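Observations on the three-dimensional arrangement
For reference, the chains in residue letters:
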Amino acid sequence: MNESLDQMTVNGGDVPAKDTFGVHNPATGRVFAQAPDCSPEQLDEALRAASDAFPLWREDIGARRAALLAAADRIEESAGDLAPLLTLEQGKPLADAHFEVMLTAMSLRATAALDVPREVIRDDETELIEVLHQPMGVVAVITPWNFPLTLAAVKCGPVLLAGNTVVLKPSPFTPLSTLALGVILRDVLPPGVLNVVSGRDPLGARLAEHPVPRKISFTGSTATGKRVAAAAAYDLKRLTLELGGNDAAILLDDVDLDAHADSLFWAAFVNCGQVCAAMKRLYVPRARYTEVVDALADRARSVKVGDGMLPDVQMGPLAIAPQFARVQELVSEALAGGATAAAGGGRLDGDGYFFAPTILRDIEDGARVVDEEQFGPVLPVIAYDDVEEALARANGTQYGLDGSVWSADADRAATLAARLECGTSWVNTHSMPTQGVPMGGHKWSGLGVEGALAGLLSSTETKVLHVVRGGNGTGIALS
Ligand code: NAD
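Please read these numbers as outputs of a predicted model, since none were measured by experiment.

Reading the values: the criteria
All residue numbers refer to positions counted from 1 along the written sequence of the respective chain. Confidence filtering applies because this is a predicted model: local features only for residues at pLDDT of at least 70, side-chain atom pairs given and counted only at 80 or more, and all residues used for totals across whole chains, interfaces and linings. The basis for every side-chain value is the complete set of heavy atoms in the structure, and neither hydrogens nor water enter the calculation. Two strands pair under a simple rule: DSSP has to find at least two bridges between them. Secondary structure elements follow DSSP: runs of H or I of four or more residues count as helices, runs of E of two or more count as strands, with numbering from the N terminus. Only the stretch in contact is used when fitting a helix axis, every axis being a line fitted to C-alpha atoms; angles between N-to-C directions are given from 0 to 180 degrees. When a carboxyl oxygen of Asp or Glu lies within 4 Å of a side-chain nitrogen of Lys or Arg, that pair is called a salt bridge. Partly exposed residues are those whose accessible area sits between 20% and 50% of the maximum for their type, while under 20% is buried and over 50% is exposed, using a 1.4 Å probe and protein chains only. Only a single heavy atom is needed: when it lies within 4 Å of a molecule or strand, its residue is near that molecule or strand. Per-residue and other accessible areas were derived by the Shrake-Rupley procedure at a 1.4 Å probe size, with only the shown protein chains allowed to occlude residues. The classification used treats Ala, Val, Leu, Ile, Met, Phe, Trp, Tyr, Cys and Pro as nonpolar, Asp, Glu, Lys and Arg as charged, and all other residues, Gly among them, as polar. Where each domain starts and ends follows an automatic or database-derived domain assignment. Residues belong to one nonpolar core when they are buried, are Ala, Val, Leu, Ile, Met, Phe, Trp, Tyr or Cys, and are joined through side-chain atoms within 4.5 Å. Contacts are assigned to residue pairs that have any heavy atoms within 4.5 Å of one another. Buried surface area refers to the total accessible area, computed with a probe of radius 1.4 Å, that the two partners give up upon joining, counted for both partners together. Put simply, angles under 35 degrees are roughly parallel, angles over 145 are roughly antiparallel, angles from 65 to 115 are roughly perpendicular, and the rest are oblique. The handedness criterion is simple: a crossing whose near helix is rotated anticlockwise from the far helix by less than a right angle is left-handed, and one whose near helix is rotated clockwise is right-handed.

Here 3 strands make up an open sheet; going across it, the order is E5-E6-E20 and the pairing antiparallel. Among the strands making up the open sheet, the edge pair consists of strand E5 (119-123) and strand E20 (460-468). Neighbour-to-neighbour, the strand axes of this sheet turn through a mean angle of 20°, independent of strand direction. With 4 bridges joining them, E5 and strand E6 (residues 127-135) adopt antiparallel strand pairing. By the bridge assignment for E6, Arg122 is matched with Ile129.

This is the structure we're talking about:
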């Protein structure tokens, strides 16, 4: 790789940065690199490039599919460049960063296997009525800092396969791996099809408000998602919003803890708890409470936390300083309010944003760490007496991303799981990455879905082609 990986990609090439901003390594808390700060004129240029590339790109789905498959190969080949960048800017252990690179390629391949369906409603001697799913034009894709590469692929893949072109903007906290993605894909995607810009906010707002994109595909917090929706309202841009969650898990009284304790633990703590679909509240029958807390606390204490670039580290630091401060605040407040830390409970020594994996017990709904999305290595464990009461508490939130029920009787669990008010309900697992499945949030956790055919179609406009054959095209319904 001769090209520099930290450049913005516009129309297939570099655009020199007029200004830069610092990117922090969360393992040290210090700036380790500079990223380009996209100017308003450069954003216009990126959107113009995407507009210019659209007419040709929309023509041939076969070429688009081949390009996505080539992109997946290119990403895998570049894992040695992408994964360390991801660890340095985001904090996750290097093995997890490699896994994210592989998931990124897998997501593009799963998208490439989809097809835009041809739907014929009527085709006879009198008329042809066909439903077409046509691309929209330029789509603005805005991503958060927890899975910069995978989310870029999950969002851009279907948008591109549908025939749209993209301006992609990563979080200013983790711009480098996405910039690198833009650079390495320059030789497999035609110029202007995928443009990548980075910058401090208000770049995101500027992109969301810009008149060129016909759709905004956004993943991030609920608060920002609402701002994006307001910006989109002005010219009725289409929207996909994948937002925050506060996933509840309910253990039933017959759960096999030996079989599931590891899965339960990592469902809450993978990526240092910074997963939209992580388990964020755990409801446990009172009779099994101490046993469950102890099993989780044992695991929390044994996790090796450290700089993700070091071997054997299982959990890195929190990715960004504001999130580190927020997790400290939520946990301190819970402890001051009477909760007990069965494991962890505070920051770890050192300059980085390291927080001890924390299991909170003797805590109820109403504590902020239970009611709000904590998005960190913390799991409040809440006792319940009656399963209907646990379900009501799980559903008693504005969030509705995912949820899970755990039991030795999968059918019993599934009956309850179906009553969780959320986009995905799992049984005996949680936060399981699965290709080819639609994913989206209910209530304040999102709008629309990504993945599978439903996700692909959400990047298209539905249009009816109605051809009258013969002489009866009066425009008046005759029957
Ligand atoms: P965030 O909302 O702070 O930022 C997300 C992105 O929006 C960033 O790129 C940011 O620069 C940009 N942005 C900021 N203001 C904007 C504006 N006014 N208009 C347009 N863009 C703007 O979120 P975050 O802190 O980066 O990410 C964490 C959140 O993302 C959590 O709530 C998490 O649950 C959520 N998330 C959801 C999913 C999902 O699929 N539902 C997946 C991952 C993360």
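Let us now look at the pattern of salt bridges. In total, this model carries 33 salt bridges according to the counting rule given. The closest approach of N and O atoms between Lys237 and Asp235, which form a salt bridge, is 3.0 Å. Taking the relative accessible area as the measure of exposure, Lys237 reaches 6% and is therefore buried. A salt bridge links Arg412 to Asp254; the shortest N-O distance between them is 3.5 Å. One end of the pair, Arg412, is in helix H14 (residues 410-417); the other, Asp254, is in the loop between strand E12 (247-251) and helix H9 (257-269), and 158 residues separate them in sequence.

Sheet architecture is open: 7 strands sit in the order E14-E15-E16-E13-E12-E17-E18, paired in mixed fashion. If you trace the sheet from one side to the other, it starts and ends with strand E14 (340-343) and strand E18 (424-427), each paired once. Going across the sheet, the axis of each strand differs from the next one's by a mean of 25°, ignoring polarity. Bridging between strand E15 (residues 358-361) and strand E16 (residues 378-384) involves 3 bridges; their strand directions are parallel. When the sheet's bridge partners are listed, Leu360 is paired in E16 with Pro380.

Near the ligand you find 28 residues, and of these Thr143, Asp201, Ser221, Thr224 and Glu373 are the closest. Across the complex, the protein chains shield 88% of the 860 Å² of accessible surface that the ligand would expose by itself. Listing elements by their share of the shell around the ligand, those giving two or more residues are helix H7 (203-209), strand E10 (215-219) and helix H8 (222-233). Grouping the amino acids of the shell around the ligand by side-chain chemistry returns 14 nonpolar, 10 polar and 4 charged. Of the residues that make up the shell around the ligand, three or more belong to each of domain 1 (2-243 + 441-464) and domain 2 (247-427).

In a soluble, globular protein the nonpolar side chains are often hidden away together inside. Ile75, Leu185 and Val197 are the most contacted members of the largest nonpolar core, which has 71 residues in total. For Ile75, the residues in contact, after removing those within four places along its chain, are Leu82, Val101, Thr104, Ala105, Leu108, Leu181, Ile184 and Leu185. Ranked by size, the runner-up nonpolar core spans 58 residues in total, among them Ala249, Ile250, Val303 and Ile363.

What the domain assignment reports for the chain is domain 1 (2-243 + 441-464) and domain 2 (247-427). A straight line from the C-alpha centre of domain 1 to that of domain 2 covers 30 Å. On the domain 2 side, the residues contacting the 27 residues of domain 1 number 31 residues. Contact between domain 1 and domain 2 buries roughly 2300 Å² in total, counting both sides, with carbon and sulfur atoms accounting for 61%. In this structure, Glu421 engages Lys443 in a salt bridge whose closest nitrogen and oxygen atoms are separated by 2.9 Å. Looking at the side of domain 1 that touches domain 2, the elements that each hand over two or more residues are helix H3 (79-90) and helix H4 (94-112). By residue number, the principal contributor to the side of domain 1 that touches domain 2 is H3, which donates 5 residues.

Once that is clear, we can look at the packing of helix H5 (residues 148-161) against helix H6 (residues 176-184). Packed helices, taken two at a time, are described by the angle their axes make and the gap between the axes. Across the interface, H5 lies against H6 with an axial gap of 8 Å and an inter-helix angle of 50°. When the axes of H5 and H6 are compared, the pair comes out oblique. Where H5 crosses over H6, the two elements pack in a sense that is right-handed. Facing Pro148, Leu149 and Ala152 of H5, the residues of H6 in contact are Ser177, Thr178 and Leu181. Across the contact of H5 with H6, the residue classes break down as 4 nonpolar, 2 polar and no charged.

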